[in-house]
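# Commentary on secondary and tertiary structure
Spelled out, the chains give:
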Amino acid sequence: MATFTSSTPFANYTTMIITNLTSTVGPIPVIPATYKPIEGGDIALTLIASTLSIFGAILIFVAYCVTDSFRPENETRRLLIYLTVSDLLVAFGNFGGTIRYKAVFGDKEFSLNCTMDTQCDLFCVVQSFVCATASMWSFFWNTVIAIHICVALVYCRHGSWPWKMKIFTHSVCWLVPLSITIAAVSNDVLGEDFSQGTGAWCWISSCIDKNARTLWMVVTGKGWEITWYFVTCIMFFFVKGYMWKQRRRHNIRHFSEVSERLRAEDENYLYLWLIGYCLRIWGTCRFFLYALRRHTGNPLSHFNSTDDVFLHLQSFGDSAQAFCTCILFCFIDRTTRHHLYKKLCCKKSDEEELRPIITEKTNINYSV
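Residues numbered from 1 in each chain as written. Predicted model: local features only at pLDDT ≥ 70, side-chain atom pairs only at ≥ 80, totals over all residues. Heavy atoms only, no water.

As a further point, take the environment of K210. Structurally, the position occupied by K210 is in helix α6 (residues 210-250). Of the residues examined, K210 reaches a relative accessible area of 38% and is grouped as partly exposed. Between the alpha carbons of K210 and R294 there is a distance of 6.9 Å; along the sequence they are 84 residues apart. When neighbours within four sequence positions are excluded, K210 is seen to be in contact with R294 and H295. (Helix = DSSP H or I, 4+ residues; strand = E, 2+ residues; numbered from the N terminus. Buried < 20%, exposed > 50% of the residue type's maximum accessible area, 1.4 Å probe, protein only. Contact = heavy atoms within 4.5 Å.)

Structure representation (structure tokens):
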């Protein structure tokens with residue numbers, strides 16, 4: 001046992017205490033606390049939202065295959081399919097991560113420490129890899145859809161994207177997120193999150209250095225998510241302002257009257273972004289709350305109650321994107337709804353109901 005005198009500097013005193021503790025009891029846990037397991041309601045919300053998203057994504061794929069309005073000529077619909085693939089993988093990952101959490105931890109309280117075997121199990125790492133990659137794919141394709149609508153509506157109303165631009169877009173949207181998560185695996189930072197920023201699924205390990213943990217959270221998701229918020233928000237107000245001017249000057253109310261590359265129903269994409277904000281913002285709020293407490297050491301008053309509310313909302317919202325996309329583009333979209341009804345129910349729609357499909361092919365182009 002080391003002895004200390006009044007002349008021993010405080011820094012040396014602290015260092016010697018840590019050294020003695022480490023040599024006696026081993027490494028100090030990163031999170032020395034008792035963990036309160038995630039409630040059954042949050043587990044149920046995640047499973048329900050994930051299941052709805054899986055079925056919603058399947059319906060979108062079916063609609064793409066059987067309806068005339070989803071033919072490859074419609075670039076916006078193709079982009080929607082890429083987005084749906086990403087959201088479907090997120091739903092699968094969250095569903096699997098939640099089942100794994102229930103099987104490993106159950107309903108019992110346990111002490112958080114960095115020697116638990118659960119932090120490094122293969123399923124947790126694979127699920128983290130899938131969810132992180134798919135989430136970034138979703139943010140990238142949402143941003144591409146925003147740029148596409150803006151360009152098609154304002155700057156390039158005829159024709160389609162050149163093939164070089166398509167290759168560049170696919171390379172960036174698919175390969176950049178994949179490269180980031182491969183780097184995360186190589187640095188061994190994926191693992192058990194203990195729901196500190198996520199729901200019942202895994203993401204960035206809680207057992208790495210706090211600065212590294214926050215950095216990897218930003219790089220593998222939250223940074224791109226916040227960028228998506230800003231880009232789509234700017235595009236939303238820009239497009240709304242542009243259409244407002246078109247309405248005042250030329251009495252134009254629909255996208256199809258401005259650009260032959262867009263349908264009237266493509267305006268639903270603007271509301272897809274708003275729904276995305278409402279679904280994903282709760283996880284972002286939890287990320288900032290935990291980062292603030294982690295880096296300042298401030299316990300934050302009412303933290304637990306606030307975090308519980310945000311966790312309820314995040315448990316549903318992070319897994320429900322494909323389901324909400326299905327509602328917008330398979331049920332609220334009138335053209336798609338008529339085609340699905342006709343194809344799947346083997347019935348013909350009335351001419352009056354199909355008239356919008358015919359009239360949208362006649363486009364009147366105006367300048368600003």
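For the rest of this paragraph, the subject is the state of the cysteines. Summed over the entire model, instances satisfying the criterion amount to 1 disulfide. Between C124 and C202 runs a disulfide, and the two sulfur atoms are separated by 2.1 Å. Measuring the twist about the S-S bond at about -125°, one finds the C124-C202 disulfide to be left-handed. With C124 in helix α4 (residues 122-155) and C202 in the loop between β3 (190-191) and β4 (203-204), this pair connects stretches of sequence that are 78 residues apart. (Disulfide = S-S within 2.5 Å.)

Okay, the packing of aromatic side chains next. All chains considered together, the criterion is met by 16 aromatic pairs. Summarising the aromatic geometry, the rings of W137 and W174 are spaced 4.9 Å apart at their centres and angled 80° between planes, so their arrangement reads as edge-to-face. Of this pair, W137 sits in helix α4 while W174 sits in helix α5 (residues 163-186), and the two are 37 residues apart along the sequence. Taken together, a centroid distance of 5.7 Å and an interplanar angle of 25° make the contact between F139 and W228 stacked. With F139 in helix α4 and W228 in helix α6, this residue pair connects regions lying 89 residues apart in the sequence. Summarising the burial analysis for this pair, F139 and W228 share the class buried. Ring pairs connect the aromatic residues Y82, W137, W141 and W174, which therefore count as one cluster. In this structure, R293 is placed above the aromatic ring of F303, and the distance from its NZ or CZ to the ring centre is 4.0 Å. (Phe/Tyr/Trp six-rings, centres within 6.5 Å; stacked < 30°, edge-to-face > 60°. Lys NZ or Arg CZ within 6 Å of the ring centre and 35° of its normal.)

The next point concerns α5. Compared with an ideal rise of 1.5 Å per residue, which puts 24 residues at 34 Å, α5 spans 34 Å between its outermost C-alpha atoms and is within 8% of the ideal. At L175, α5 shows its maximal kink, close to 25°; a proline, P177, follows between one and four residues later. The set of residues buried in α5 consists of T169, C173, P177, I180, T181 and A184. Close packing links the buried residues of α5 with α4, β3 and α6. Of the residues flanking the end of α5, it is D188, one or two places downstream, whose phi is positive at about 60°. (Expected span 1.5 Å × (residues − 1). Bend = angle between axes of the 7 residues up to and from the residue.)

Next up on the list: the packing of α4 against helix α7 (residues 268-296). For any two helices packed against each other, one specifies the inter-axial angle together with the distance between the axes. Closest axis-to-axis distance for the α4/α7 pair is 11 Å, and the angle between their directions is 150°. Relative to α7, α4 is oriented roughly antiparallel. Remark: the crossing between α4 and α7 carries left-handed chirality. Facing S135, F139, N142, I145, A146 and I149 of α4, the residues of α7 in contact are Y269, L272, W273 and R280. Within the contact of α4 with α7, the residues separate by chemical class into 7 nonpolar, 2 polar and 1 charged. (Axes fitted to C-alpha atoms, helices over the stretch in contact; angles between N-to-C directions. Parallel < 35°, antiparallel > 145°, perpendicular 65-115°, else oblique. Left-handed = near helix turned anticlockwise from the far one by under 90°. Nonpolar A, V, L, I, M, F, W, Y, C, P; charged D, E, K, R; others polar.)

The subject of this paragraph is the nonpolar core. One finds L153, M243, F255 and W273 to be the most contacted residues of the largest nonpolar core, which totals 34 residues. Of all the elements in the fold, those that place two or more residues in this core are α3 (75-104), α4, α6, α7 and α9 (321-332). In terms of residue count, the dominant contributor to this core is α4 (12 residues). Membership of the second largest hydrophobic core comes to 10 residues, among which are V189, I204, M217 and F287. (Core = buried A, V, L, I, M, F, W, Y, C linked by side-chain atoms within 4.5 Å.)

This model, assessed by the stated rule, comprises 9 salt bridges. Close ionic contact of E225 with R280 constitutes a salt bridge, the shortest N to O distance being 3.8 Å. Here E225 is found in helix α6, whereas its partner R280 is found in helix α7, with 55 residues between them in sequence. Residue class for E225 comes out buried when judged on its relative accessible area of 1%. Given a relative accessible area of 10%, R280 falls into the buried group. Across the salt bridge formed by E267 and K240, the nearest N and O atoms sit 3.0 Å from each other. Taken together, the residues span a long stretch of sequence, with E267 in the loop between α6 and α7 and K240 in helix α6 at a distance of 27 residues. On the basis of relative accessibility, which here comes to 18%, the residue E267 falls in the buried class. Taking the relative accessible area as the measure of exposure, K240 reaches 29% and is therefore partly exposed. (Salt bridge = Lys/Arg side-chain N within 4 Å of Asp/Glu carboxyl O.)

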